[in-house]
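Okay, here's what each chain looks like letter by letter:
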Amino acid sequence: MSNEKPKREEGVATKERPKTKKPRMFKVILHNDDYTPMEFVIAVLMQIFRMDETDATQVMLHVHRSGIGVAGVYSFEVAETKVAQVLSAAKNHEYPLQCTCEPE
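Cut-off values and rules
Residues numbered from 1 in each chain as written. Predicted model: local features only at pLDDT ≥ 70, side-chain atom pairs only at ≥ 80, totals over all residues. Heavy atoms only, no water. Helix = DSSP H or I, 4+ residues; strand = E, 2+ residues; numbered from the N terminus. Phe/Tyr/Trp six-rings, centres within 6.5 Å; stacked < 30°, edge-to-face > 60°. Buried < 20%, exposed > 50% of the residue type's maximum accessible area, 1.4 Å probe, protein only. Polar contact = N/O pair within 3.5 Å; in protein donor to acceptor, adjacent residues only side chain to side chain. Contact = heavy atoms within 4.5 Å. Patch = residues over 30% accessible without salt bridge, like charges linked within 9 Å, V, L, I, M, F, W, Y side chains within 5 Å. Areas by Shrake-Rupley, 256 points an atom, 1.4 Å probe, with all protein chains shown as cover. Salt bridge = Lys/Arg side-chain N within 4 Å of Asp/Glu carboxyl O.

J.: What exactly am I supposed to notice about the environment of Asp55 here?
T.: Mapped onto the elements of the fold, Asp55 is located in helix H2 (residues 53-66). Residues Asp55 and Ala71, 16 residues apart in the sequence, show an inter-C-alpha distance of 9.9 Å.

J.: Would you explain the packing of aromatic side chains in this entry?
T.: Where two aromatic rings form a pair, the distance of their centres and the angle of their planes describe that pair. Tallied over the entire structure, the rule returns three aromatic pairs. Arranged with centres 4.9 Å apart and planes meeting at 55°, the rings of Phe40 and Tyr95 form a pair that is tilted. With Phe40 in helix H1 (residues 38-48) and Tyr95 in the loop between helix H3 (76-92) and strand E3 (98-103), the pair connects residues that are 55 residues apart, well separated along the chain. Owing to a relative accessible area of 11%, Phe40 belongs among the buried residues under this scheme. By relative accessible area, which is 28% here, Tyr95 ends up partly exposed.

J.: I'm lost on the side chain of Thr36 in this one. Help?
T.: Relative to the helices and strands, Thr36 resides in the loop between strand E1 (25-31) and H1. A distance of 3.3 Å separates a polar atom in the side chain of Thr36 from the backbone nitrogen of Leu97. Excluding residues that lie within four positions of it along the chain, Thr36 makes contacts with Val41, Tyr95, Pro96 and Leu97.

J.: Before we go on, may I ask you to explain H1 in this structure?
T.: Every α-helix winds through 3.6 residues per turn, so residues three or four apart in the chain are directed the same way. Considered for burial, the residues of H1 that qualify are Phe40, Val41, Ile42, Val44, Leu45 and Ile48. Summarising the contacts, the buried residues of H1 are in contact with E1, H2, strand E2 (68-75) and H3. Looking at the residues trailing H1, positive phi occurs at Arg50, about 55°.

J.: Any chance you could explain a nonpolar patch on the surface here in plain terms?
T.: Side chains of Met25, Val70 and Val73 sit close together on the surface and give an oily, nonpolar patch of about 190 Å² of accessible area. For Val70, the position within the fold is in strand E2.

Written out as C-alpha coordinates, the structure reads:
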(Lines give C-alpha, C1' and ligand atoms only; values in the text may rest on other atoms or scores of the structure.)
Protein backbone atom coordinates (compact mmCIF):
# COMPACT_ATOMS: atom_id res chain seq x y z
CA MET A 1 0.00 0.00 0.00
CA SER A 2 1.19 3.39 -0.84
CA ASN A 3 0.73 6.56 1.14
CA GLU A 4 0.53 8.65 -2.04
CA LYS A 5 -2.49 10.84 -2.38
CA PRO A 6 -4.26 10.77 -5.73
CA LYS A 7 -3.16 13.61 -7.99
CA ARG A 8 -5.60 16.42 -8.14
CA GLU A 9 -6.21 18.36 -11.33
CA GLU A 10 -6.39 22.06 -10.88
CA GLY A 11 -8.04 24.63 -13.09
CA VAL A 12 -11.45 25.77 -14.10
CA ALA A 13 -14.06 23.21 -15.00
CA THR A 14 -15.54 24.04 -18.36
CA LYS A 15 -18.42 22.49 -20.14
CA GLU A 16 -18.29 22.41 -23.90
CA ARG A 17 -21.28 24.14 -25.39
CA PRO A 18 -22.62 22.96 -28.69
CA LYS A 19 -21.92 25.52 -31.39
CA THR A 20 -25.03 27.28 -32.54
CA LYS A 21 -25.73 26.89 -36.23
CA LYS A 22 -26.16 30.02 -38.26
CA PRO A 23 -29.69 30.26 -39.62
CA ARG A 24 -30.18 29.40 -43.26
CA MET A 25 -30.37 32.55 -45.35
CA PHE A 26 -32.86 33.33 -48.11
CA LYS A 27 -32.63 35.62 -51.14
CA VAL A 28 -35.56 37.93 -51.78
CA ILE A 29 -35.98 38.07 -55.54
CA LEU A 30 -37.84 40.64 -57.64
CA HIS A 31 -39.20 39.53 -61.03
CA ASN A 32 -39.43 41.83 -64.02
CA ASP A 33 -42.71 42.50 -65.78
CA ASP A 34 -43.83 44.83 -68.55
CA TYR A 35 -46.27 46.88 -66.46
CA THR A 36 -44.78 47.88 -63.10
CA PRO A 37 -43.14 51.32 -63.43
CA MET A 38 -39.43 51.55 -62.70
CA GLU A 39 -40.11 54.37 -60.25
CA PHE A 40 -42.40 52.12 -58.22
CA VAL A 41 -39.74 49.39 -58.02
CA ILE A 42 -37.18 51.96 -56.85
CA ALA A 43 -39.61 53.22 -54.20
CA VAL A 44 -40.22 49.64 -52.98
CA LEU A 45 -36.50 48.99 -52.76
CA MET A 46 -35.96 52.20 -50.82
CA GLN A 47 -38.89 51.75 -48.42
CA ILE A 48 -38.98 48.01 -47.80
CA PHE A 49 -35.31 47.15 -48.29
CA ARG A 50 -33.89 50.42 -46.91
CA MET A 51 -31.68 51.08 -49.95
CA ASP A 52 -30.51 54.51 -50.95
CA GLU A 53 -31.68 55.79 -54.33
CA THR A 54 -28.46 54.84 -56.15
CA ASP A 55 -28.49 51.22 -54.95
CA ALA A 56 -32.23 50.91 -55.56
CA THR A 57 -31.78 52.17 -59.11
CA GLN A 58 -28.96 49.69 -59.76
CA VAL A 59 -31.02 46.76 -58.48
CA MET A 60 -34.07 47.89 -60.49
CA LEU A 61 -31.99 48.13 -63.67
CA HIS A 62 -30.54 44.66 -63.05
CA VAL A 63 -34.07 43.27 -62.64
CA HIS A 64 -35.17 45.11 -65.79
CA ARG A 65 -32.27 43.77 -67.89
CA SER A 66 -31.95 40.26 -66.44
CA GLY A 67 -35.53 39.40 -65.63
CA ILE A 68 -34.84 38.86 -61.93
CA GLY A 69 -32.66 40.39 -59.25
CA VAL A 70 -31.86 39.96 -55.58
CA ALA A 71 -33.23 42.70 -53.35
CA GLY A 72 -31.61 41.31 -50.20
CA VAL A 73 -30.61 38.23 -48.20
CA TYR A 74 -32.28 37.53 -44.86
CA SER A 75 -33.29 34.85 -42.41
CA PHE A 76 -36.41 32.99 -43.54
CA GLU A 77 -38.83 34.93 -41.35
CA VAL A 78 -37.50 38.31 -42.46
CA ALA A 79 -37.39 37.27 -46.13
CA GLU A 80 -40.96 36.02 -45.94
CA THR A 81 -42.08 39.32 -44.40
CA LYS A 82 -40.30 41.37 -47.09
CA VAL A 83 -41.95 39.30 -49.84
CA ALA A 84 -45.37 39.87 -48.27
CA GLN A 85 -44.70 43.62 -47.99
CA VAL A 86 -43.66 43.88 -51.66
CA LEU A 87 -46.68 41.89 -52.86
CA SER A 88 -49.01 43.97 -50.70
CA ALA A 89 -47.58 47.26 -51.99
CA ALA A 90 -47.84 46.04 -55.59
CA LYS A 91 -51.43 44.90 -55.08
CA ASN A 92 -52.39 48.21 -53.42
CA HIS A 93 -51.07 50.06 -56.49
CA GLU A 94 -52.54 47.49 -58.89
CA TYR A 95 -49.17 46.42 -60.30
CA PRO A 96 -48.28 42.82 -61.15
CA LEU A 97 -44.82 42.99 -59.53
CA GLN A 98 -43.79 39.56 -58.31
CA CYS A 99 -41.43 38.82 -55.46
CA THR A 100 -40.26 35.45 -54.15
CA CYS A 101 -37.68 34.04 -51.77
CA GLU A 102 -35.38 31.07 -52.16
CA PRO A 103 -32.53 29.56 -50.15
CA GLU A 104 -29.15 31.14 -50.71
